[in-house]
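Each chain is listed here by its residues.
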Amino acid sequence: MRQSKRNMNVLAYVILILGALLILFPMYITVITTFKTSGESASSFFTLPRSFYLGNYQTVLQNPTLWYAYGNTIYITLFSLVLELLVMPPMSFALSRGIFHNSKMFKGLYFFFLLGIFLPFQVRMMPLVKLQSALNMMNPTGMVLLYLAHATCESMFLYVGYLASISPSLEEAAYIDGATTFQTFYKIILPLMKPILATVMIREGLAIWNDYMLPLLCLNRSNTMWTLTLFQYNFQSEFNVDYNLAFSCLVIASLPIIVLYCFMQKQIIGGLTNGAVKG
Amino acid sequence: MTAVPRKKARQHTMRREQAIAYTIMTLPGLVLYCVFLILPILMGLYYSLTDWTGIGNKFNFIGLDNYIKVFTNDKRFGNALVFNLRYTVYLVIGIVVIGFMLAMLLNREMKGRSFFRTLYFMPAVLSMITIGLVFKQVYFYVLPSIGKAVGSATFSENIIANRQLAIYGILFVHLWQGVALPTLLFLSGLQTIPVDLYEAASIDGANAWHQFKSITVPYILPTLSVVLVLAVKQGLNVFDYINSMTKGGPGGATTSISILIWQNAWERNRFSYAIAQAVITGLIIALISFVQIKYTDRKKVD
Amino acid sequence: MKKFLALLLAAMMLLSVASFASADDVVELEFLYHKSETDAMNAMQAVINQFNEENPGIKVNFVQIPDAATVLQTRATQNDLPDMFGVTTSTTYELMFENGLIMDLTGQPFLDNVEASTLALSAYQGKIYRMPYSLSCYGLYVRTDIFEENNIELPETWEDLMAACEKLQAAGIYGFGLPDKDMVYQRMERMMSMLANNDDEFKAIAAGEMDPHDSKVLKGYAEASLDIAKYTNPESKGAGYDESYQLFLNKQAAMTINGQWSLGTLLGFDPDLKIAMIPLPNPLGEQSNVIVSIDTSFCISANTKHPEECLKFMEFLSKTETAQTYTDTEGSPNVIKGVVYNVKELEKINDAMAAGHTALSLNAVWPSGLRKALGDAATNLILDGDLEAFYADAQLTIEDYYNN
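Residues numbered from 1 in each chain as written. Chains lettered and ligands numbered in written order. Predicted model: local features only at pLDDT ≥ 70, side-chain atom pairs only at ≥ 80, totals over all residues.

Student: Can you walk me through the overall build of chain B in this structure?
Tutor: For chain B, the count of helices and strands is 13 helices and zero strands. Its helices and strands taken in sequence order, chain B reads α-α-α-α-α-α-α-α-α-α-α-α-α from the N to the C terminus. Its C-alpha atoms give chain B principal-axis dimensions of about 70 × 65 × 30 Å. Counting only contacts in chain B whose residues sit at least 6 apart along the sequence, the fraction spanning at least 24 positions is 69%. (Helix = DSSP H or I, 4+ residues; strand = E, 2+ residues; numbered from the N terminus. Contact = placed C-beta atoms within 7 Å.)

Student: I keep staring at the interface of chain A and chain B and nothing clicks. Help me out?
Tutor: Many structure descriptions define interface size as the accessible area lost when the parts assemble. At the junction of the two partners, chain A supplies 87 residues and chain B supplies 78 residues. The greatest single-element share of the side of chain A that touches chain B, amounting to 13 residues, is contributed by helix α13 (residues 243-273) of chain A.

Student: What is the right way to read unusual backbone geometry from this model?
Tutor: For residues besides glycine, phi is generally negative; the peptide bonds are generally trans as well. All names here are of chain C. One non-glycine residue, Asn 79, adopts positive backbone phi at about 55°. Turning to its location among the elements, Asn 79 is positioned in the loop between α3 (68-77) and β3 (84-87). One non-glycine residue with positive phi stands out, namely Lys 251, at about 60°. With respect to the element layout, Lys 251 can be found in the loop between α11 (241-249) and β5 (255-259).

Student: Help me understand the pairing of strand β2 (residues 58-64) of chain C, please; the structure alone is not making it clear to me.
Tutor: Residues and elements named next belong to chain C. Where strand β1 (residues 27-33) meets β2, seven bridges bridge the pair, whose relative direction is parallel. Among the inter-strand pairings, Leu 29 is bridged to a residue of β2, identified as Val 60. Each parallel crossover has a hand, and for β1 linked through helix α2 (residues 38-54) to β2 it is right-handed. (Pairing = 2+ DSSP bridges. Right-handed = clockwise from strand over helix to strand, strands pointing away.)

Student: Looking at this structure, how should I read the nonpolar core?
Tutor: One broad rule of soluble globular proteins: the nonpolar side chains tend to lie buried together. Counting 280 residues, the largest nonpolar core has Met 156, Tyr 159, Ala 246 and Cys 249 of chain A, Val 227 of chain B together with Met 84 and Tyr 221 of chain C as its most contacted members. Examining the composition of this core, we find that 15 residues originate from one element, helix α7 (residues 140-163) of chain A, more than from any other. Other than its neighbours up to four places away in sequence, Val 227 of chain B contacts Ile 95, Val 96, Gly 99, Pro 182, Leu 185 and Phe 186 of chain B. (Core = buried A, V, L, I, M, F, W, Y, C linked by C-beta atoms within 7 Å. Buried ≥ 20, exposed ≤ 12 C-beta atoms within 10 Å, placed from the backbone.)

Student: Teacher, can you tell me more about the packing of helix α5 (residues 104-118) of chain A against helix α2 (residues 16-47) of chain B here?
Tutor: The contact between α5 of chain A and α2 of chain B brings their axes to 11 Å, and the two run at 30°. It follows from the interaxial angle that α5 of chain A and α2 of chain B lie roughly parallel. Crossing of α5 of chain A over α2 of chain B shows left-handed handedness. The segment α5 of chain A lies against α2 of chain B, with Phe 106, Leu 109, Phe 113 and Gly 116 of chain A engaging Tyr 22, Thr 26, Tyr 33 and Leu 37 of chain B. (Axes fitted to C-alpha atoms, helices over the stretch in contact; angles between N-to-C directions. Parallel < 35°, antiparallel > 145°, perpendicular 65-115°, else oblique. Left-handed = near helix turned anticlockwise from the far one by under 90°.)

Student: When you look at the confidence of the model for chain C in this model, what are you seeing that I'm missing?
Tutor: Regions with low pLDDT should not have their predicted coordinates read in detail. Residues and elements named next belong to chain C. Of the residues in chain C, 94% have a pLDDT of 70 or more, and the chain-wide mean is 90. The low-confidence segment residues 15-22, where pLDDT is below 50, has twelve contacts with residues more than four positions distant or belonging to other chains. Across the interface, the model reports ipTM at 0.83; the global pTM reads 0.88. (pLDDT = per-residue confidence, 0-100.)

Student: What should I look at first to understand the domain arrangement of chain C in this one?
Tutor: Residue and element names in this part refer to chain C. According to the domain assignment, chain C consists of domain 1 (27-136 + 293-348) and domain 2 (138-292 + 359-403). Distance between the C-alpha centres of domain 1 and domain 2: 29 Å. Each partner contributes to the interface: domain 1 provides 14 residues, whereas domain 2 provides 16 residues. Those elements that place two or more of their residues in the side of domain 1 that touches domain 2 are α4 (91-98) and β4 (131-143). Here the side of domain 1 that touches domain 2 is built from residues that sort into three nonpolar, eight polar and three charged. (Domains from an automatic or database assignment. Nonpolar A, V, L, I, M, F, W, Y, C, P; charged D, E, K, R; others polar.)

Student: I'm lost on helix α14 (residues 320-330) of chain C in this one. Help?
Tutor: Because an α-helix packs 3.6 residues into every turn, residues spaced three or four apart end up facing the same way. Residues and elements named next belong to chain C. Those residues of α14 that sit buried are Ala 323, Tyr 326, Thr 327 and Glu 330. Down the axis of α14, the smallest arc covering the buried residues is 95°, so these residues share one side. A positive phi of about 95° marks Gly 331, the residue just after α14. (Arc of directions from axis to C-beta.)

This is the structure:
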């Protein structure tokens, strides 16, 4: 038994390490490119840099738009995530338990919300921009509302899916003790949702952080309103790409989201180590 | 040893306090959803019934003409649909198999687990622009040099410039990045399984396969259902990966529906027609998802 | 936790973008620029700075964005175009003219500073809605060092070109390095523009009055394309713009076919590169023309609140000194009278243009989107060499784009 477990572990390591190489290779290219001049990249794209050239980072960091872009992106992402955290989990809980209690209304609402997942973005893209413009919300704060509204379908779908595997018998005990629905949700269910909360936050956080289309359409009045993706795309015009600048910019733009992930990742494992779920 | 005890609890009816609380919890999201999603969708649906070019505000109402044209007079749409269906099948299989396997591996108690968890998630962090740039270089320089070294004629050329192979080149990149989030979902799904269930099963003498079948699978089904729906949606809507690597080429071999929609809307000035195509795609996704949700739901109760 | 949230909210407020309060007596104008190349941006910024300095009552805000065409189109639907903006030549903008979204500039005195022939080409239904400013030209890039080493003259006719390719091949050098992975459509459209100065043949094909085999344009292009393919480095099939530059830079090809906009990038990689750009020889034996496109024009929104100030800025742009400043940095031929354009690599192109040997790109004459769709057929032709399939595919595509 113990022998087979050790074999399994060896197999797991082999697979994970092979996969890791596959993942690391493009990362390696990204990072080394940032330390080369465009001339050096042209002649040797895959080798280590001859000398660690810092000019690309300098150019990117000296661009004043970067700091606006950073500010705007952090503002939009954080605000959207915090509001989403307030609105979405209770709503998903209500839908999930409403469906569980066989309520026609909540079932209907659930499928109504699903509609938004299926219809491609192109259907509502132009009208959405028109609406934003009419509401005078072509600014970072307007973006927060858009992302929040967008999260109502996919995040809801993820939360409800997860809640389906948390047994409602847990709540029943609380109700019998006289707790209100809100109390039950915040005291009993929400802590159990930690892994999915973290997952959805990461998912949404990345989607917002890396979104290109909506910021392009809504935040083009001035480059003080730009987000990081707009800033990044600017290093790539249709006919020439400055790989060195583009990749340096990427590294700078991705750092906060990597930190966010490292922080959130613990929450996902947290669910297990706390042994929170008792069947 | 059974999965989620749903049936028993169904007998409870909602209390009044519960019904009110649930309604209050749902309201803010519902309002946002109606204003920022349903309203634009309705406006979009209206445009799809017109001959709007996408510029200016002059257009005529033409009823279902756009929809009829998609089905009767658009070979490109048919070709794109076939491409998307093929792509989606590969993508869904790839995401579920690789994602689930990785989640199982990353859920094991082993040294370096947290390192691997971070590493395997990294691809999801990169923006599409970078991934496109890097892999274009990989396909142009790295893969052909490996192909030449092993003497394979097929891989001595850029595979995304090959009509038969381009789809796999794009799929690989999509999976390279796209498997990270489903893995995370599976991983968080695995956390809902009470640890003592496995302990009890071990004491009962159930082997690993039996534990997997009777504990892991039933608990992971809701997550699987979610992952499937999202993967189907991604497959039928794929745009970024194609646009950044082949732009629908070579010779139209990787033109997906979304690429076609983009071309109609922005390059051909047929915005209303593009929206009609998007609506039809949405209906196809909804249909597939509905069948699939029903199917996994039935499995779950069994 | 509460403390944390409070801090977070405070931070958000600080981070949120400040509103742009400005003095009441200064008129602010939004100028959206459609190019994102560094040189072009610097050129435009310099011109705007100069204008703002000379006109204290007006402040032109320089706005630049990737995918400007998409942004302009979106803003056009909201009747919210920037006060002024730069455009390329495309049917999309003609729709904006047609919808009355752009100010009619016909008869404005500053237009007299624009070369008359180009101005005439910019007219839409007899009216001028855009001030043409700079051109892009398309032709043949030659590595003069390789040509000299092998004693080859710069080609002037198609036969010369083929003979040069033969010699290069004998010396073990590929003739062309091309961005054939996804840019075939561009070369196809530019070459077809040299073969005919209108789309009459396509209209006839769409109406069923002409067989594609009899089309001078389709036949001329298809055969020339196969000629070129014989001498093209096979890696071109998998190359985008950047990789095709590499083939050319690494001496894996002696020639490439591209626009003058590539020059900056090529010299950026290697400032000592010995290259020349010359007109692409005409495959039908007729005049070898430089294929030009009006790459930059400037428009004023019909809805601007400050038409006077906008016109003033246009007038400033149309001055020879301003245009000279712009051209010196941006690097493409300018159409304002009196501007001197001296780039040593483009000497032959300049001579040809001065002699009137130009052909206008048909991209904006064709139905929008046609060149990309027809480009698929052209790519397949290069991959398979199947002429019949090309004609059949071209016919279907032309019928689709002209009749729908």
